[in-house]
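# A structural walkthrough
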Amino acid sequence: MGKTIIVNIVPEETRMALLEDGRLAETAIERTASGHIVGNIYKGRIQNVLPGMQAVFVDIGRDRNAFLHVGDLAGGHARTKEPLSIGREIIVQVAKDALGTKGPRLTSQLTLPGRYVVLMPTVDFLGVSRRIPEEEERKRLKEVAERVRPAGMGMIVRTAAAGRSEDDLRRDAAYLENLWNTLAARAKRVQAPTLLYRDVDLVIRIVRDYFSADVGQIVFDSREAFNRVKDLLSFASPELTSRLALYEGQEDVFGHFGVEAELNRLDERRIELDCGGYIVIDRTEALTVVDVNTGKFVGQTRLTDTAFQANLEAAGEIARQIRLRDIGGIIIIDFIDMDQEEQRKAVLAALSEHLKKDRTRTNVVGITGLGLVEMTRKKARKDLDSALSVECPCCAGRGAVRSPETVAIAIRRQLRQLSRTRQLQGPVLVQAHPRVAEVFQRPGETERLAQELARTVTVEAVPTLQDEVYCILKGKD
């Protein structure tokens, strides 16, 4: 079936789903109100210099200063070693979104992506996408890029350039060079902080970054977006316009293609495997941990073979879930223990092979002394979980709340403290969640507490209260 891209557009957001052989493989969401800033280029002003961290904080005109490490410097700053002092103006690009309490991360190694090439105006570098495997084609494209790239500038040849002519790449490079000259001229006229270049919206990025030769169809549910992309391709790649489709059905397009149901399962910790085993994904601020379990899978031969087969299937699903949920940073995988070194290498190789489908850079480090697989994945934008959800107001991100018995003991403890300090006057009314109130409804529970405190105690169940929340009030005489 190949690849199909589904694009769902409503006034509040744009969603993209990439299907591979009919199965959801990747998704992206962009909210209209917040948009995205990764790829934006700013003229910023340095606000603070931290020599100990080899970094500076830069005002780019947003609510939070952005972070620039000296390792991300390029161009004039790297060559002349100009001091990065407070108040200095600098042209930077957002490399990573703000994550949690951290502001955006910047780089001065600027990139301007086109359909077939990425122009790097501040560095002298030439590269070809690692997703073009044929050595002859890589050699051809590198020679073409050497001829078409502007003098003194770097260039990366994108996957979509495979099979394209020199004229195609030359037109793309010329457009990006003109764009850079316009940005550079504007940067000289304006004061910092100023936005110099805003990256295109998700609809255009889908065509630019995802529409490769192996994509059979892009389906839009918006005529405006369909026409906009059709006009763009009519100029850049007219042979691809036949792959565009407009969905006009009554059912939501994600529901029609079975995407919505899969999206709704992406916040689940536990993912079932076809063999009967399952994996569990747990997130922390520092890293993500994936645990593999045999579950109902008992195999048909030896225990070692059962573990091996479950791990092989899990490797594919883990790679898929990492890509689907856009999990970045450090990832630790706890596969089922395997005694044979050949089996461990085979599982590691399977994981690496499945990760080749991922457009985001990954690195499988290897197996630790404890038998855990270490890997990393580049993190640029908020992952799907951060984009769609907020911290639970009940558990504050712990993933659990105190048991009713624990809350009931806390209530008793506070009542005793208030009684000792003579802050209780007359009858007492306790309001708590129904599960907590049930603890006090056990035979003799309230009576014993009332006798201990020498006053009437009434416990009222209030369904609107959260599990851990309770109120101690003055009761009726």
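Look above for the structure.
What follows covers the sheet that holds strand 10 (residues 117-120). In any sheet, the strands associate via hydrogen bonds between backbone groups, in a parallel or an antiparallel arrangement. With respect to topology, four strands assemble into an open sheet ordered 9-10-12-11, the strand pairing being mixed. At either margin of the open sheet sits one strand with a lone partner, and together these are strand 9 (112-113) and strand 11 (126-128). As judged from the three bridges shared by strand 11 and strand 12 (residues 154-157), these two strands associate in the parallel manner. Paired with Gly127 across the strands is Ile156, a residue of strand 12. Contacting strand 11 and strand 12, helix 2 (residues 135-148) runs over the sheet at an angle of about 145° to strand 11.

Next up on the list: the sheet that holds strand 23 (residues 457-461). With mixed pairing, the three strands of this open sheet are ordered in space as 23-22-24. Every other strand in the sheet has two partners, leaving strand 23 and strand 24 (470-474) as the edge strands with one partner each. Across the sheet, the mean angle from the axis of one strand to that of its neighbour is 20°, orientation sign disregarded. Pairing of strand 22 (residues 428-432) with strand 23 involves five bridges; the strand directions are parallel. In the sheet register, Val430 faces strand 23, and the bridge partner there is Val459. Where helix 11 (residues 404-420) meets the sheet, it contacts strand 22 and strand 24, and its direction lies at approximately 35° from that of strand 24.

This part covers the environment of Gly369. Mapped onto the fold, Gly369 is located in the loop between strand 20 (362-367) and strand 21 (373-377). A C-alpha to C-alpha distance of 46 Å links Gly369 and Asn8, two positions 361 residues apart in sequence.

We now examine the packing of helix 2 against helix 3 (residues 166-189). Axis separation between helix 2 and helix 3 bottoms out at 10 Å; the angle between their running directions is 45°. Classified by the interaxial angle, the pair formed by helix 2 and helix 3 is oblique. Viewed along their axes, helix 2 and helix 3 form a crossing whose handedness is right-handed. On the side of helix 2, the interface is formed by Leu141, Val144, Arg147 and Val148, while helix 3 contributes Glu166, Leu169, Arg170 and Ala173. Grouping the constituent residues of the contact of helix 2 with helix 3 by class yields five nonpolar, no polar and three charged.

Rules of the game
Residues numbered from 1 in each chain as written. Predicted model: local features only at pLDDT ≥ 70, side-chain atom pairs only at ≥ 80, totals over all residues. Heavy atoms only, no water. Pairing = 2+ DSSP bridges. Helix = DSSP H or I, 4+ residues; strand = E, 2+ residues; numbered from the N terminus. Contact = heavy atoms within 4.5 Å. Axes fitted to C-alpha atoms, helices over the stretch in contact; angles between N-to-C directions. Parallel < 35°, antiparallel > 145°, perpendicular 65-115°, else oblique. Left-handed = near helix turned anticlockwise from the far one by under 90°. Nonpolar A, V, L, I, M, F, W, Y, C, P; charged D, E, K, R; others polar.

Everything listed here is a matter of geometry and, on its own, says nothing about what the molecule does.
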